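The lines below spell out each chain.
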Amino acid sequence: MKKIGVLTSGGDSPGMNAAIRAVVRKAIFHDVEVYGIYQGYTGLMTGQIKKLELGSVGDIIHRGGTFLYSARSEEFKTLEGQKKGIEQLNKHGIEGLVVIGGDGSYRGAEKLTEHGFPCVGVPGTIDNDIPGTDFTIGFDTAINTVIDAIDKIRDTATSHERTYIIEVMGRHAGDIALWSGLAGGAETILIPEATVDMEDVIGRLKRGHDRGKRHSIIVVAEGVGSGVEIGKQIKEATNLETRVSVLGHIQRGGSPTVSDRVLASRLGAYSVELLLDGKKGRAVGIKENKLVDFSISEALSQRHTLDLSMYKLSEELSI
Ligand code: F6P
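Residues numbered from 1 in each chain as written. Predicted model: local features only at pLDDT ≥ 70, side-chain atom pairs only at ≥ 80, totals over all residues. Heavy atoms only, no water.

- Under an unreviewed UniProt entry, the protein has the name ATP-dependent 6-phosphofructokinase and belongs to Bacillus suaedaesalsae.
- Under the UniProt heading Catalytic activity (unreviewed entry), the entry covering the protein gives this text: "beta-D-fructose 6-phosphate + ATP = beta-D-fructose 1,6-bisphosphate + ADP + H(+)".
- According to the UniProt record, the Pathway (unreviewed entry) comment for the protein reads "Carbohydrate degradation; glycolysis; D-glyceraldehyde 3-phosphate and glycerone phosphate from D-glucose: step 3/4." (UniProt positions renumbered as here; feature names shortened; annotations may be inferred.)

This is how it looks when you write it as structure tokens:
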């Protein structure tokens, strides 16, 4: 393999730039040319493809977002879209592709591989919801952003003796809520992976209030429902002064943490090794701090799980 391509797709995540840098530098180290495909699968279909040099990825390891841009493409879900993409890859003489993104991006890579084009997936999403890897690139930065917000909200919650509902991202996964809720000392964490019992939540709040607790923090994963709605229910049932903060896309930005930069560097470089070893349809990941790879189709057929013992612990520590 003498020419490979790299693209980022789906929701961006901090550390994607560090992963692209690792792909480019590792490939050039092995005398392989690298082509950047701009705007994800959209740019693949329309041929927004440029050769990347060592210098193209200088000064980006610390930057959030992705300098290759990202997009979600409906057209690429069609056979016609996929054929257009393969035509462009062939036209540029590209023989293998690294796809950095979440499960939607993996589906595109799976399709290309089925059509005979070798792809390797690198897990880039703040949601931490890709089966087969303990962590995805961007998750650590996102939870650190959330923690910063929780700590700040806690200050004002204390001053005003209020109950705060903080809604965080994660799509269908509760990882962001669970990790940041546990680290932020939240009284209650609501995640889609555990049963949400509003009577229990309200009972705990009332008991806490009766015991003299003057403020409370509730972290809600967006996959559970709207933080605003939950806030209304709590206000009606308890009459406690309640405020809601929906953190939103702030969670997707910012300079990646050390963990995300290191993870991105390791996974990006490993994806190139796999392509050069003639592997295809694989996704890379990290398990117990060891690099692993597994079939993209296998990853897509599994359900993401999280460590429910952490959830139990959060309940025990917030009595
Ligand atoms: O998958 C990353 C993510 O940020 C999710 O947590 C969130 O549900 C979604 O993307 C938001 O998507 P968009 O950027 O299209 O609003």
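Read on, since the account is not over.
### Focus on a negative patch on the surface
Then step 1. A surface patch of like charges, here negative, comprises D197, E199, D200 and E315.
Then step 2. On the secondary structure map, E199 appears in helix 7 (residues 198-210).
Then step 3. In this structure E199 comes out as exposed when scored by relative accessible area, which is 70%. (Patch = residues over 30% accessible without salt bridge, like charges linked within 9 Å, V, L, I, M, F, W, Y side chains within 5 Å. Areas by Shrake-Rupley, 256 points an atom, 1.4 Å probe, with all protein chains shown as cover. Salt bridge = Lys/Arg side-chain N within 4 Å of Asp/Glu carboxyl O. Lys, Arg positive; Asp, Glu negative; His and termini not counted. Charge placed at Lys NZ, Arg CZ, Asp CG, Glu CD. Helix = DSSP H or I, 4+ residues; strand = E, 2+ residues; numbered from the N terminus. Buried < 20%, exposed > 50% of the residue type's maximum accessible area, 1.4 Å probe, protein only.)

### Comments concerning helix 7
Residues three or four positions apart in an α-helix share a direction because the helix packs 3.6 residues into each turn.
Then step 1. Between its first and last C-alpha, helix 7 extends 18 Å over 13 residues, near the 18 Å set by a 1.5 Å rise per residue.
Then step 2. Every buried residue belonging to helix 7 is among M198, V201, I202, G203, L205 and G208, and all of these are buried.
Then step 3. Residues of helix 7 that are buried make contact with strand 6 (163-168), strand 7 (188-190), strand 8 (216-221) and helix 8 (227-238).
Then step 4. Looking at where helix 7 begins, the residue whose side-chain oxygen comes 3.1 Å from the main-chain nitrogen of E199 is D197.
Then step 5. Positive backbone phi, at 105°, marks G212, one or two positions downstream of helix 7. (Expected span 1.5 Å × (residues − 1). Contact = heavy atoms within 4.5 Å. Polar contact = N/O pair within 3.5 Å; in protein donor to acceptor, adjacent residues only side chain to side chain.)

### Concerning the pattern of salt bridges
Then step 1. One pass over the full model with this rule turns up 19 salt bridges.
Then step 2. Notably, a salt bridge pairs K26 with E273, separated by 3.2 Å at the nearest N-O pair. Taken together, the residues span a long stretch of sequence, with K26 in helix 1 (residues 16-29) and E273 in helix 9 (residues 258-276) at a distance of 247 residues.
Then step 3. Judged by relative accessible area, E273 falls into the partly exposed class, the value being 33%.
Then step 4. Among the charged side chains, a salt-bridge network with shared partners connects D103, D127, D129 and R171.

### Thoughts on the packing of aromatic side chains
In this description, a pair of aromatic rings is defined by centroid distance and the angle of the planes.
Then step 1. Throughout the structure, instances matching the rule amount to 5 aromatic pairs.
Then step 2. On the numbers, 6.4 Å between centres and 85° between planes, the contact of Y38 with F67 is edge-to-face. Of this pair, Y38 sits in the loop between strand 2 (33-37) and helix 2 (40-46) while F67 sits in the loop between strand 3 (49-52) and helix 3 (79-91), and the two are 29 residues apart along the sequence.
Then step 3. The class of F67 is partly exposed, set by a relative accessible area of 23%.
Then step 4. Where F135 meets F139, the ring centres are 6.2 Å apart and the plane angle is 20°; that geometry is what we call stacked.
Then step 5. Residue F135 is classed as partly exposed on the basis of its relative accessible area, which comes to 32%.
Then step 6. Note on F139: relative accessible area 1%, which makes it buried. (Phe/Tyr/Trp six-rings, centres within 6.5 Å; stacked < 30°, edge-to-face > 60°.)

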